[in-house]
Amino acid sequence: MKVLVINCGSSSLKYQVIDSDTEGVLAKGLCERIGIDGRLVYQPAGGDKEITDAPMPTHKEAVRMVLDALVNEKTGVLKSLDEVEAIGHRVVHGEEKFRESALITDEMIKTVESCNDLAPLHNPANIIGINACRELMPNVPMVGVFDTAFHAHMPAKAYMYGIPYKYYEQYKVRRYGFHGTSHSFVSKRAAELAGKPYNNLKTIVCHLGNGASISAVENGVSVDTSMGLSPLEGLIMGTRSGDIDPSAIEFIAKKEGWDISRAVQMLNKESGVDGISGVSSDFRDLEAAAAEGNERAQLALDMFCYRVAKYVGAYTAAMNGVDVIAFTAGIGENTKIVRQGVCDYLTFLGITIDDEANNVKGEEKLISTPDSKVKVYVIPTNEELAICRETVEIVKNSR
Ligand code: AMP
């Protein structure tokens, strides 16, 4: 089955066409600057990247350009759009209403809209993308795959906050967690690589990208995760603070004369390793600056690794043990010193890292030594493939 996977942001749209039988990517790319001017990046498998600047006032024009590129006589990978048998959409927030991926219907879109409050930047963009595809390809079944779904089975003790219960009842304030598609994909792959049954394994997945989160996956279920009501909680990230004493926010806001929104903007956009180092949110820049003796860049790296290690310790306790740790996403897949820096704290678990094996970038690899008590892997995430797999399963089951 040929599946179009769509991931819509407020002014962007990433796409891939995947043949689910071979799991090969037939074409991929993105539309940028939607609503501003518009640019399509298109790359067929084995071919060169093509960049076309063209007006894209809305996501509908963007989707249309992607579809035209896919059936283009010279560089298209499809003879006709009829070959697309399903479309899988990433949807960020499914609140408590979506615990699994689901077929997109009018009813489902309404329910997703009712979750917009909790993901005001993402969900509306996801819905715009869904509607654009429905208009242009009304007969193709579509599936919504939720970032929050994989974490929807956490126990209440993990997802409740220590605040009056009525705020959970009235406003559904609780931990939801994000990057679920990645945590699910990587934890499943970790079990395969470890040669252990997924439903009898304790895995900690460190999804370390510009946004970063960590999850405890016990017997195939996410039992805890570091992001919360929003993707601001937990690890220190590129520009996000992660965990902080809420009183510090009031303290700074009073000193600066800020309202709550301004303070939260600081926590989301001006904090993290960028805010600490004053150098960059990108770990390549931080590594380079630290190597040249920049102390704040080094401090940011140290704080990042320390926080990840503290969560690994906490989740080991949450599961009463850990069999496998997996590093994924931009930093997890590419930054040796972060993996080493985190694992240096974990020798008490009997973890030892093979320095040579750890010298890896963007490749699946066991980086712990054969005698390490916990297996540690680098596993590149592949959210598009995970969305494609979910989409195929739901569509086949709905027939
Ligand atoms: P993601 O959000 O998963 O795309 O991850 C993006 C982040 O990964 C960037 O901000 C960098 O900090 C980091 N990153 C990507 N590539 C590399 C690399 N080759 N070496 C070190 N860090 C990298």
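Before reading on, note that the structure itself is shown above.
Summarised in this report is the structure supplied together with it.

Rules of the game
- Residues numbered from 1 in each chain as written.
- Predicted model: local features only at pLDDT ≥ 70, side-chain atom pairs only at ≥ 80, totals over all residues.
- Heavy atoms only, no water.
- Helix = DSSP H or I, 4+ residues; strand = E, 2+ residues; numbered from the N terminus.
- Rg over C-alpha atoms; globule rule 2.2 N^0.38 Å.
- Areas by Shrake-Rupley, 256 points an atom, 1.4 Å probe, with all protein chains shown as cover.
- Lys, Arg positive; Asp, Glu negative; His and termini not counted.
- Charge placed at Lys NZ, Arg CZ, Asp CG, Glu CD.
- Buried < 20%, exposed > 50% of the residue type's maximum accessible area, 1.4 Å probe, protein only.
- Arc of directions from axis to C-beta.
- Contact = heavy atoms within 4.5 Å.
- Near = heavy atom within 4 Å.
- Polar contact = N/O pair within 3.5 Å; in protein donor to acceptor, adjacent residues only side chain to side chain.
- Nonpolar A, V, L, I, M, F, W, Y, C, P; charged D, E, K, R; others polar.
- Phe/Tyr/Trp six-rings, centres within 6.5 Å; stacked < 30°, edge-to-face > 60°.
- Lys NZ or Arg CZ within 6 Å of the ring centre and 35° of its normal.

**A word on the overall build of the chain**
Looking only at helices and strands, the chain features 14 helices and 14 strands. Computed over C-alpha atoms, the radius of gyration of the chain comes to 21 Å, within 12% of the 21 Å expected from 2.2 N^0.38 for 399 residues, which places it in the range of a compact globule. With the C-alpha coordinates aligned to their principal axes, the bounding extent of the chain is approximately 55 × 55 × 45 Å. When the accessible area of the chain is evaluated, it comes to approximately 18400 Å², of which 49% is carbon and sulfur surface. Each charge sign in the chain was given a centre, from 42 positive and 54 negative side chains, and these centres are 2 Å apart.

**Some thoughts on helix α2 (residues 106-113)**
When α2 is considered as a whole, its buried residues turn out to be M108, I109 and V112. With its buried residues spanning 100 degrees around the axis, α2 presents them on a single face. What points out from α2, more than 90 degrees from its buried face, is the exposed set D106, E107 and K110. Tucked into the core, α2 has its buried residues touching β6 (84-91), β7 (102-103), α3 (123-136) and β8 (142-146).

**What to know about the site of the ligand**
The local shell around the ligand consists of G209, N210, S281, D282, F283, R284, A329, G330, I331, N334, T335 and K361. For the ligand, an oxygen atom lies 2.9 Å from a polar atom in the backbone of N210. The contact in question runs from a nitrogen atom of the ligand to an N or O atom on the side chain of R284, over 3.4 Å. Among the secondary structure elements, those contributing two or more residues to the shell around the ligand are α10 (283-291) and α12 (329-334). If you tally residues by element for the shell around the ligand, the top one is α12, at 4 residues. For the shell around the ligand, the per-class residue count stands at 3 nonpolar, 6 polar and 3 charged.

**Remarks on the packing of aromatic side chains**
A complete count under the given rule lists 7 aromatic pairs for this structure. Between Y167 and Y171, the ring centres sit 6.1 Å apart and the planes meet at 10 degrees, which makes this aromatic pair stacked. In this pair, Y167 and Y171 both sit in helix α5 (residues 166-171), 4 residues apart, roughly one turn of the helix. Owing to a relative accessible area of 30%, Y167 belongs among the partly exposed residues under this scheme. Overall, Y171 belongs to the exposed group, its relative accessible area being 53%. Ring geometry for Y311 and Y315: centres 5.6 Å apart, planes at 70 degrees, overall edge-to-face. On the criterion of helical spacing, the pair formed by Y311 and Y315 is a turn pair, its members being 4 residues apart in helix α11 (residues 295-318). Neither residue differs from the other here; Y311 and Y315 are each classed as buried. Through pairs of rings, three or more aromatic residues link up here, namely Y159, Y165 and Y168. The aromatic ring of Y159 is capped on one face by R174, whose charged end is 3.6 Å from the ring centroid.

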